[in-house]
Amino acid sequence: MHRVSEARFVELVAEAVDSLPQEFRMRMKNVAVLVEDHPAEKPKPGTLILGHFIGTPATQKSVFNLPAMPDRVVLYQKNIETVCHSEAELQQQIRLTVIHEVGHFFGLSEDELRHV
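A few points on the structure.

In strand β2 (residues 51–54), alternate side chains face the same way, and those of G51 and F53 are buried while those of H52 and I54 on the opposite face are not. Of the strand pairs in this sheet, β2 and strand β3 (residues 71–76) are connected by 4 bridges, and their pairing is antiparallel. By the bridge assignment, H52 is partnered in β3 with V74.

Below, the structure is given as structure tokens:
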């Protein structure tokens, strides 16, 4: 387990988002990327949730949708730290989690994301 301060974790998340290709970042309108310690809901036993996309995938949005609360990509710091043993692993896992959750924003399913 590798722990860092919340400020350092947020910095690593920002670096991961900034590393996404520009064409994806430009299409991520009204999306907040947040850090929380743990998910509010208890997961199934044996499950460790590293991140979560909360919102409507871009593929399901319509021009008739009114502007709403931002969609959210949430990374769970304590859970991610639990599976990492160094800062390099932490940086890599944060990036993978950001990519995974942003994939959900773009409408990819869990099965499709397993093959990315």
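That covers the picture; the talk isn't over yet.
Before going further, it helps to spend a moment on the packing of aromatic side chains. Counted by the stated rule, this structure contains 3 aromatic pairs. Judged by centre distance (6.0 Å) and plane angle (70°), the ring pair of F53 and F105 falls under edge-to-face. Within this pair, whereas F53 is found in strand β2, its partner F105 is found in helix α4 (residues 87–105), the two being separated by 52 residues in sequence. Taking the relative accessible area as the measure of exposure, F53 reaches 11% and is therefore buried. Take F105: its relative accessible area is 2%, and that puts it in the buried class. Arranged with centres 4.9 Å apart and planes meeting at 75°, the rings of F105 and F106 form a pair that is edge-to-face. An identical accessibility class is assigned to F105 and F106; each is buried. Here a set of aromatic residues connected by ring pairs shows up, and it is made of F24, F53, F105 and F106.

Taken as a whole and assessed by the stated rule, the structure comprises 4 salt bridges. Close ionic contact of E81 with R3 constitutes a salt bridge, the shortest N to O distance being 2.7 Å. Here the residue E81 occupies a position in helix α3 (residues 77–82), and R3 occupies one in the segment before α1 (6–18), the gap between them amounting to 78 residues. For E81, a relative accessible area of 0% translates into the label buried. Between E15 and R8 there is a salt bridge, with its nearest N and O atoms 3.9 Å apart. Each of the salt bridges in this network shares a partner with another, and the network as a whole consists of R8, E11, E15 and E87.

About the cut-offs
- Residues numbered from 1 in each chain as written.
- Predicted model: local features only at pLDDT ≥ 70, side-chain atom pairs only at ≥ 80, totals over all residues.
- Heavy atoms only, no water.
- Buried < 20%, exposed > 50% of the residue type's maximum accessible area, 1.4 Å probe, protein only.
- Helix = DSSP H or I, 4+ residues; strand = E, 2+ residues; numbered from the N terminus.
- Pairing = 2+ DSSP bridges.
- Phe/Tyr/Trp six-rings, centres within 6.5 Å; stacked < 30°, edge-to-face > 60°.
- Salt bridge = Lys/Arg side-chain N within 4 Å of Asp/Glu carboxyl O.

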